[in-house]
Each structure stands twice: as structure tokens, then as C-alpha cells.
Number of protein chains: 2
Amino acid sequence: MLKFDEQKQIDSVKGALALRGKIEEIVDQICKDGFKNICWLGIGGTYASCLQAEVHMKEKSGLDFFVENAAEYLTTGNKKVGADTIVVVSSVTGSTIEMVEGVKKASAAGAKVLGFIDVDTTELAQIVDYEIAYPGNEQLKFFMVADRFMYNAGEFPEYDRYYKELDENLAVDLVEVEKAADAFGEAFAKKHCNDSIHYFVGAGNQYGSTYSYAMCYWEEQHWIRTKSIHSAEFFHGMLEIVDRDTPVTVFVGEDAQRSLSERVVKFLPRVCANYTVIDSKDYELKGISEEFRGNLSHLVTHAVTQRIDAHLEQINCHPMEIRRYYRQFDY
Amino acid sequence: MLKFDEQKQIDSVKGALALRGKIEEIVDQICKDGFKNICWLGIGGTYASCLQAEVHMKEKSGLDFFVENAAEYLTTGNKKVGADTIVVVSSVTGSTIEMVEGVKKASAAGAKVLGFIDVDTTELAQIVDYEIAYPGNEQLKFFMVADRFMYNAGEFPEYDRYYKELDENLAVDLVEVEKAADAFGEAFAKKHCNDSIHYFVGAGNQYGSTYSYAMCYWEEQHWIRTKSIHSAEFFHGMLEIVDRDTPVTVFVGEDAQRSLSERVVKFLPRVCANYTVIDSKDYELKGISEEFRGNLSHLVTHAVTQRIDAHLEQINCHPMEIRRYYRQFDY
């Protein structure tokens, strides 16, 4: 299989799950000390992950949490961020300027910052209050933080049972999803490699990944135009520009917002002959209870899109690591 | 001038501003009774207006307020909505199903609902706790509510001076903007009437209107494809698909996020020869103090896009009131 190192991917997810002890230690100490609210701070792809953590918490939690875009925080500000705020951030490079400045501003306002900064020698890694350095798996890291906060608030009593299942099965399950999705990924890439624009639709914890897949993968890495939209919002404008040949892909997850995407799936065949449904339900997660699948839907569809990416990169002769403009000159 | 009834538009804005007495009475009573938080609830275009109210309040306010999408509220829920929550909604038709159900759910959770339902005979108008029926001017209504809450919290001491200027000048100022923008609107419509896709970028209180202009006007009413993006997010993916001929329009406002859009304006000429800047600063608002212009930027750019719409509708022989699918069949 193209661009697929099974053992490396298994180790990557297992290593991320193994961070849980450290996460629990930090979150438990924060809860013991007391806190007022939780701010998920991000920009671009990390902002999208924040949206996923937010919708995940909304299903269960009465805690005070919110998402803030780092650039908006630096200009408009947010008076909720202050002493007793816990800011959670993630950064692969540790050098994204909005994140560095955003963390400094939040710290100056009295907030404590928990950072997943992959490169722990960067300035950003040095200035956060709690640093965990481990590559990739951003959503998994964020959700482990969210889940521990909810567990401590008595909102996630199934926590131990849930993470036992993840520790034992998730890493292998996700590579099995990739294997099961490879033929689909190749066919999809062949069909859509010349799209002048591609529409991606999703809801729930799929919305953040839909937004990020469209912008951070197709636009940034494949240089193919996209629009992403929330499944609920699709019906309030965007539907009008869909016709027979419009390429539309709907990501359907298994969390509480599943019905919003199902509505799009029901609508599309009436007006469009070029749509695709990527439904996490179509993929087995051995050893994971039905009740927990909703929390993991975005990891399943990400495993599917990994297969699209691998083939699209090859078909289009477009290395995903090259950038036209991003960080190529000052702007 | 095409599709322009000066007196009618002046009367419309003056009438909206004249709702302030009623709004103050309702909000003052709510503040006297006490409340916990404010939920701006919307979907589609009204969701976009909620985002504008939110960013407007963020600049000044320490109150507890947030935006909720009605369809997401109906599925995922939001535990912040409960007794002592004030929900603010707006609806032209009063029949948008997500809004009717969303208001019912919020009421059942104990919230009080303030509704600007234009048709006060509809079910939605009947089930809100406080109803104000007056057509159009949604942003103005929402901002008057936000401003009164902030005034009562001691966060808007310039309130009386500000609204005196608006009452005396805004209605005429906005029609003057339309007149000043008409030639531009015609040229823009001629240049972009055949765009296969058009990109709209904005930040601050321009973001909600950018999102809504792209989706509720170009997609829904002109049937032209668009993508809208926040100016800050533009640099984290979308920039890569911009080339010489890509049609991009940046809306630049005068609130705290102006610098985020200015950054896009500075970047574009390096890589694109088909971009347009619509800057509220280019239009006079006689009798409005410099310090208040940021609050009104989105009304200025809306006056400009009204002129684009009038000409685009005529050039493309596409009546803005027709819909392909929206409410044409069950979905």
C-alpha cells in the first residue's frame, strides 16, 4: 500500500494514548487547584481541532469552555481569558506566530497554558506552563484532555472502560480502516483529481475535520480548490449551487449530529449525480463498543482520507510537502 | 439608480432605530430581574448575524454570551442554555423549522427568548417571551440589544452619545454610501458576472457578513459559487489556491480586527491580479464620530454590496427571489 507504514502508524497512536498518564496528572492537579474555564486556542488546522474538542465536550459537559481563534484573540481579545483560565494549545512547529503571541497574551492575562508542542526546544514549548511533546495525533491529545476534565467533573463515568478499549484496540483498528479504505481512496482520487472545485460537508466532530481536510489538505497540500460547509448550514444557501456534476463529499459521523449529515445524504441524489458519502459507520472498529464510536468517528474518516491523499498525491504528481506561498516570503 | 428607493430605505433604518425604546425596556427589565448568560441563536443568515453580535460584544464585554447554531443545539445540545439564559433570535418568515424547534427546546430548558420575528402572526412569534416585529435591519436590532446589555453592565458609557449620532445620521448616511458605491457596484458586477467561483474574505464584524454575503446572496440568490473565509484563516491553507486570475474580494472593516484583513490586502497583489478591496473607511459617514465607525463597518459594506446585487441581478437576468431547491420540495 502506498505511503503506509503499518507498524509506524500503530506505534504512533499507541504512543499518543500512552500520554494519558501525564495528561491525567496535569489535569487532576488543575482540577485540584481549581479553575474557572477552559479555552481551546488555535489557528488554521489547530483551530479546527479546537472546534472538534468543543463539540465533543458540548455533548456531555456543563463546564465553562470555549474556542478562541488565536488571531482574533490578539486583536479583539476575549475577557473570559484571565486568572483561573486553562488554555489548551497544540503546535507541530512551535513557531506559528499567532500561537506564540496568543499564548503570551493569555499568560499575561493570568491564564495557565497546557501545550502539546511537538518540538520542545521551541520558544512556544518553553513558555507554556505544562508541556507535552509528542508528534501528531492532535485530536486524540485534545480529547484525552477534555475527557479527563469531564471525568473529574463526574460527567464521564465510563472513562476507564472507554480508555481500556482504546488502549487495547484503537491503534490496530485505525490501520485496519486504512486497509479497508485503500481501494475506495484510489478510486476517489482518480475520479476527482481534476476537479475545479470540490465541496466537503460535515457536522459534529466531523465539522472540524471537514474544514481542515478541505483547507489544510486539498487547498494547502494538493492545491485543489474546495469549499467546506457545516451540514446544517448547507440547507441555508449552498444547496442552490449544487447541480448534476458538482463534486460533493459528505462526511457522516456517529455522534449526536449524525442526523444533520444524513439529511444532506438524503437530499443530494435528488439534484446531484457526482456525490460521495464517507460514513464512519461503514468501517469496523474491533473491540470498541457501539456507544463509544461517536467519539472516534473523525479518526475513522481521517484514516479514510489518508488513503485518498496518498493516491491523489501520486496521480497528480504533486508532492504534498511543497508550498506555493506559505512561509515562502514575508506577508 | 437601479432597485433603489431612497425614502423607503431611510424610513426602514429610522424605524429600526426607533425600536430602541422597546428594546431598552425589555433589556432593562431582564437586567433588573437578573440573568446568567446570553445565547445568540441562529441558522444560516441569522447565524451569521449572531457571529457579528458576538464579536461586537467581545471587544468590550465581560458578560457571559455565546453563539449557538439552532440545528446543532437541537442535536448536540448546550448545557449552558437553561434557567436565567436569555436567548436572542431573529426570523424574517417565522417558519424556519430549526428556529421554531430551537426556541421550543430553549424555553423548555427554562430560558427566556427575545425574538425579532418579522411576521408576528407566526407560531415562532407567539412562543417567544418578548416579541418585536419589524422588517429587516437584523444586525441593527441585534447590536441594539447587545449595546443595552453592555450599557447596563457599565461597559458602554458612550451609549447615549453614540445612539444620538445614529438616530440623527445613520439612515441618511447609509443611502449616501449606496449612491457613492453605485458606479463601483456596476463595474464589479460586470467584471465578475461570469465567475466560476468567487472568494470573499473578511474579519471582525465583517466576517459574519462575508459568510452571509457569499452564501445567502451569491449562492442562494445569484446561484454563483463562492467560498468565504476569515482573514486570519486565509493564511493557513486557502492562500495556496490563489493565482493570477482568482477572483478574491476582501471586506475591510474598522473594528479591532481591521489589521487581519489589511494583511490579506497586502498579500494579494504579490500573487493575484484579480482582487478587489471593499473598505468601509472609503465611505463617509457624516455626523458619526471616528471612534464609532468600527461598530458600523458591516452596515457600510452591506450598502456597497447592495449596489453589486442590483446590477448583478440585471446583468445575469437572474431574479434574486427565485430558488432552485430551497423550500421547493421536502428534504
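Each value, and the rule that gives it
- Within each chain, residue numbers correspond to sequence positions counted from 1 in written order.
- Each chain takes a letter, starting from A, and each ligand takes a number, starting from 1, following the order in which they are written.
- Reporting in this predicted model follows two pLDDT cut-offs: at least 70 for local features of residues, and 80 or more for side-chain atom pairs to be given and counted; totals over whole chains, interfaces and linings ignore these cut-offs and use all residues.
- Side-chain measures were taken over the full set of non-hydrogen atoms in the model, leaving aside hydrogen atoms and water.
- For this overlay, a least-squares fit was computed on C-alpha atoms, restricted to residues scoring pLDDT of at least 70 in both copies.
- Contacts between residues were defined by any pair of non-hydrogen atoms, one from each residue, lying within 4.5 Å.
- As used throughout, domain bounds are those supplied by an automatic or database domain assignment.
- Buried area: the sum, over both parts, of the accessible surface (1.4 Å probe) that disappears when the two are put together.
- We define a salt bridge as a contact between a side-chain nitrogen of Lys or Arg and a carboxyl oxygen of Asp or Glu at a distance within 4 Å.
- Only DSSP runs of H or I with at least four residues qualify as helices, and only runs of E with at least two residues qualify as strands; both kinds are numbered from the N terminus onward.
- For every residue, the accessible area obtained with a 1.4 Å probe (protein chains only) is divided by the maximum for its type, and the residue is called buried under 20%, exposed over 50%, and partly exposed between those limits.
- Put simply, buried Ala, Val, Leu, Ile, Met, Phe, Trp, Tyr and Cys residues joined by side-chain atoms within 4.5 Å make one nonpolar core.

- Per an unreviewed UniProt entry, chain A goes by the name Glucosamine-fructose-6-phosphate aminotransferase and belongs to Eubacterium ramulus.

1. Overview of the relation of the copies chain A and chain B
Then, number 1: Each copy of the sequence occupies a distinct position, and chain A is placed on chain B by a rotation of 180° and an axial shift of 0.0 Å, giving an RMSD of 0.0 Å. Both copies are brought into coincidence by an operation consistent with a two-fold rotation axis. Residues of chain A ranked by C-alpha distance from the rotation axis are headed by Lys227(A), positioned 2.9 Å from it.
Then, number 2: A symmetric contact is evident, with 100% of the interface residues of chain A recurring at the interface of chain B.

2. Considering the domain arrangement of chain A
All names here are of chain A.
Then, number 1: Partitioning chain A into structural domains gives domain 1 (6–152) and domain 2 (170–315).
Then, number 2: Using only C-alpha atoms to locate each centre, domain 1 and domain 2 end up separated by 26 Å.
Then, number 3: Taken residue by residue, the interface counts 18 residues in domain 1 and 23 residues in domain 2.
Then, number 4: Interface area for domain 1 against domain 2, summed over the two sides, is near 1500 Å², with a carbon-plus-sulfur share of 70%.
Then, number 5: Between domain 1 and domain 2 we count 1 salt bridge in total.

3. Concerning the side chain of Glu24(B)
Residue and element names in this part refer to chain B.
Then, number 1: Looking at where Glu24 falls in the secondary structure, it is placed in helix 2 (residues 20–33).
Then, number 2: Glu24 gets classed as buried once you look at its relative accessible area, which sits at 16%.
Then, number 3: Apart from the residues within four sequence positions on either side, Glu24 is in contact with Arg148 and Tyr159.

4. Here we look at the nonpolar core
Then, number 1: Trp40(A), Phe234(A), Trp40(B) and Phe234(B) are the most contacted members of the largest nonpolar core, which has 182 residues in total.
Then, number 2: Excluding residues that lie within four positions of it along the chain, Trp40(B) makes contacts with Cys50(B), Ala53(B), Met57(B), Phe65(B), Phe66(B), Val67(B), Glu68(B), Val88(B), Phe142(B), Val145(B) and Ala146(B).

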